[in-house]
Amino acid sequence: MILRPVRPASPIGTDGGYPYATGESRLWCDRLVRGLPQHEFDLFALSRSAHQEDQGWVRLPHHVSRVRTAPLWTPEDGTLRGSGERGLLARLVTGGGVSFGRRDRRRFAAHLTALATAICATEDAGPDPATGEGPGAELFTEGLYGLAELARERGGLHLALRSETTVRILEAAARARGTGRTVQSATVVDHLAFAAELERVLRPLSLDWYDQGSLGAVDLCHAASGGAAALPGLLAKRFFGVPLLVTEHGVQLRTHYLSAPDAPFGAPVRALLANFHAQLAAEVYRQAAIVTAGNTHVRRWQQRCGADPAEQRTVYPGMAAERFSPVGEDDDAGGPDTLVWVGRIEPAKDLIALLHAFAEVRRAEPDARLRIFGAPAEGDEATTYLAHCRALAAQLFPDEATGAHAEGVSPVTFEEIGGPEVPDLAEAYAAGGVIVLSSVVEGFPISLVESMFCGRATVSTDVGAVVEVIGGTGLVVPPRNPRALADACIALLRDPERRARLGAAARARALELFTVEQNLAAFRGIYLELISHAPVRREADAVDADGEPLLFATPAEARLLGHWTQPQPPATGARAPSWAAGAEPEEGAECAGELAQVAAGQPGCSPQREPAPGTGPVPALSPAPAPEPVAASRSGPVREPACVCGPGDGDA
């Protein structure tokens, strides 16, 4: 999704989230938009499925001026919405059924060959010593932007990418000298599968968002995630010089690696997709003016994927603390002998280890109880896992009765929030004296922050951003270690004063770092910084319909001394199309670091800002009577649009 705030303005781009009622980034983006009413936002969103579109949108605030959406999914019959009539896959056509001419066919083949060569390049070659870029980085950008220019001018790219020509180019690139053994083993079926995935990921290149009335009219693009969701912001920077801000609460490349083993593809297709996503991530980080991470764990991954540390900022996700205030400000310490677990029930949460740890706790503290609050995640695997956990709990902890005529009660209960005993989430945390997190995989631990708002002591496994979030206000143990987990729980159950101290410290830390207010303040400052350093100047913003100067078109702050008035080094302008005669090659960016990852790698380079065509760097303040404005202006409030693209919420 892309947001465009006006007045200060900003576009936001999301992938499968806001403004849809379901999606990973929905809550975070909604809080951001509502919390910055001084901006107008245009939303550019990519949907993930027909089901998501059927759920509709959330109610949008009044300062969202426009919403544009496009699907990243394909219906079961294989047709693309708005793609016109279907034709032979081997036929290269533009929208409306007009065939590519000979010149366009050559352009398509040349750009796709460059892209395919970069994707198939082996990692063994290492980075270029002159530029620091990985193998094929220059070819990747040449191919990607060349295809984008072709799609913008002629259309029909999605059909061209499904053609026989595409398969032949991919096959030739995979068999070229220097490619890896896994890629060389790809069959025609593998190339067909990869071509279909490539067409889906590159679908944003074919959208009609790249003109002066859409992304060309914004002052800042804010992408809500990396990957395909950042492509619209990447092209807005390429075509119009719009600054790009990328926010990630979870690294898309890491997510791709984690999900790759479960994908219905063979090893060659997985290798090709890993190489493509690594190259795309490196290019997004190179071109972004600022890359914000939701925590240090994500920040380290961004650096490994090519982000320049000098352009990175850590902005913690903001959470609504007021909903937990009644529990956090209450003196009640909860059930003194009760452990509480809250979250989505799935294998990554490792409830099996928690149940085995609780068996050790019961031996030391016979009155201890474990209350598990949550519902299974979507999918059959999570449902099966919940059934397995229930069966294990029944085996380890048979119902216990206090007497011969009393009904047995298990010390472990599985409950859902919303019932009469636990009507809301805050009551679930209030039910226990110690909150437990037993995950083996975690991004930003939302449930841990919620328990900190409630003033509860915690025992957590050392995964993801747990240590960063806790910061010494709770106990942390290694993952997959039931004995260590049990010892930490026993220590807190036996020491109520220590529980109280840790709970109070945890609440103070959460209120300082993880509130919605601190998140909004951080992005408010970033928006203004980017607009002041790289304003998109448009002559139309300073004149009326008759060409006369607008009153107050130059804001008063443009005449004040400050860091925003300092001269900036010259930036390379938007490059002319690759087919244009006399086109100058774009200068490369300096390398930021080397990518080290599980399946594929690519070094990143420091981002390179490009002003809008025909503009220069921000001039220094001078006594001239009409200095340049800090940001694009018009009559009325100052306009500072921004764009946001893609999912970004951390995993609960």
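Rules and cut-offs
- Residues numbered from 1 in each chain as written.
- Predicted model: local features only at pLDDT ≥ 70, side-chain atom pairs only at ≥ 80, totals over all residues.
- Heavy atoms only, no water.
- Helix = DSSP H or I, 4+ residues; strand = E, 2+ residues; numbered from the N terminus.
- Buried < 20%, exposed > 50% of the residue type's maximum accessible area, 1.4 Å probe, protein only.
- Polar contact = N/O pair within 3.5 Å; in protein donor to acceptor, adjacent residues only side chain to side chain.
- Contact = heavy atoms within 4.5 Å.
- Phe/Tyr/Trp six-rings, centres within 6.5 Å; stacked < 30°, edge-to-face > 60°.
- Salt bridge = Lys/Arg side-chain N within 4 Å of Asp/Glu carboxyl O.
- pLDDT = per-residue confidence, 0-100.
- Axes fitted to C-alpha atoms, helices over the stretch in contact; angles between N-to-C directions.
- Parallel < 35°, antiparallel > 145°, perpendicular 65-115°, else oblique.
- Left-handed = near helix turned anticlockwise from the far one by under 90°.
- Nonpolar A, V, L, I, M, F, W, Y, C, P; charged D, E, K, R; others polar.

(A) Examining the side chain of Ser439 more closely. Positionally, Ser439 belongs in the loop between β12 (434–437) and α17 (446–453). For Ser439, a relative accessible area of 0% corresponds to the buried category. Engagement of the side chain of Ser439 in a polar contact is seen with the side chain of Glu442, the distance being 2.7 Å. Once residues lying within four places of it in the same chain are set aside, the contact partners of Ser439 are Ala348, Lys349, Thr461, Val463 and Pro479.

(B) Examining the packing of aromatic side chains more closely. Counted according to the given criterion, the structure contains 10 aromatic pairs. Their ring planes at 65 degrees and their centres at 5.8 Å tell us that Trp28 and Phe523 sit as a pair that is edge-to-face. Of this pair, Trp28 sits in helix α1 (residues 26–35) while Phe523 sits in helix α21 (residues 516–533); the two residues are 495 residues apart in sequence, bridging distant segments of the chain. Across the pair, exposure class does not vary: Trp28 and Phe523 are buried alike.

(C) Broad picture of the pattern of salt bridges. Inspection of every chain in the model, using the stated rule, returns 20 salt bridges. Residue Glu153 pairs with Arg107 through a salt bridge whose shortest N-O separation is 3.1 Å. Placement of Glu153 in helix α4 (residues 137–154) and of Arg107 in helix α3 (residues 102–120) is noted, with a sequence separation of 46 residues between them. Overall, the relative accessible area of 37% leaves Glu153 in the partly exposed class. Glu346 serves as the salt-bridge partner of Arg344, at 3.9 Å between the closest nitrogen and oxygen. Through salt bridges with shared partners, a single network forms among Asp104, Arg107, Glu153 and Arg154.

(D) Inspection of the confidence of the model for the chain at higher detail. Taken residue by residue, the chain gives an average pLDDT of 78. The fraction at 70 or more is 71%. Across residues 3–9, confidence stays below pLDDT 50; counting only partners more than four residues off in sequence or on other chains, it has 73 contacts. In the predicted structure, residues 80–98 sits below a pLDDT of 50 and forms 38 contacts with residues beyond four places in sequence or in another chain.

(E) Looking closely at the packing of helix α9 (residues 231–240) against helix α11 (residues 267–287). Direction vectors running N to C along α9 and α11 enclose 50 degrees, while the axes themselves pass 10 Å from each other. With respect to α11, the element α9 is oriented oblique. Judged by the sense of rotation from one axis to the other, the crossing of α9 with α11 is left-handed. Here Leu231, Leu234 and Lys237 of α9 come into contact with α11, specifically with Leu280, Glu283, Val284 and Gln287. Here the residues of the contact of α9 with α11 sort into four nonpolar, one polar and two charged.

(F) Spotlight on the side chain of Arg507. Inspection of the secondary structure assignment puts Arg507 in helix α20 (residues 496–513). When its relative accessible area of 12% is taken as the criterion, Arg507 is described as buried. Leaving out residues up to four positions away in the same chain, Arg507 has contacts with Ser325, Gly328, Glu329, Met452, Phe453 and Gly455.

(G) Spatial organisation of the packing of α3 against α11. Where α3 meets α11, the closest approach of the two axes is 8 Å, and the angle between their N-to-C directions is 105 degrees. With respect to their mutual orientation, α3 and α11 come out roughly perpendicular. Of α11, the residues touching α3 (which contributes Ala118, Ile119 and Cys120) are Leu272, Asn275, Phe276 and Gln279. In terms of residue class, the contact of α3 with α11 is built from five nonpolar, two polar and no charged.

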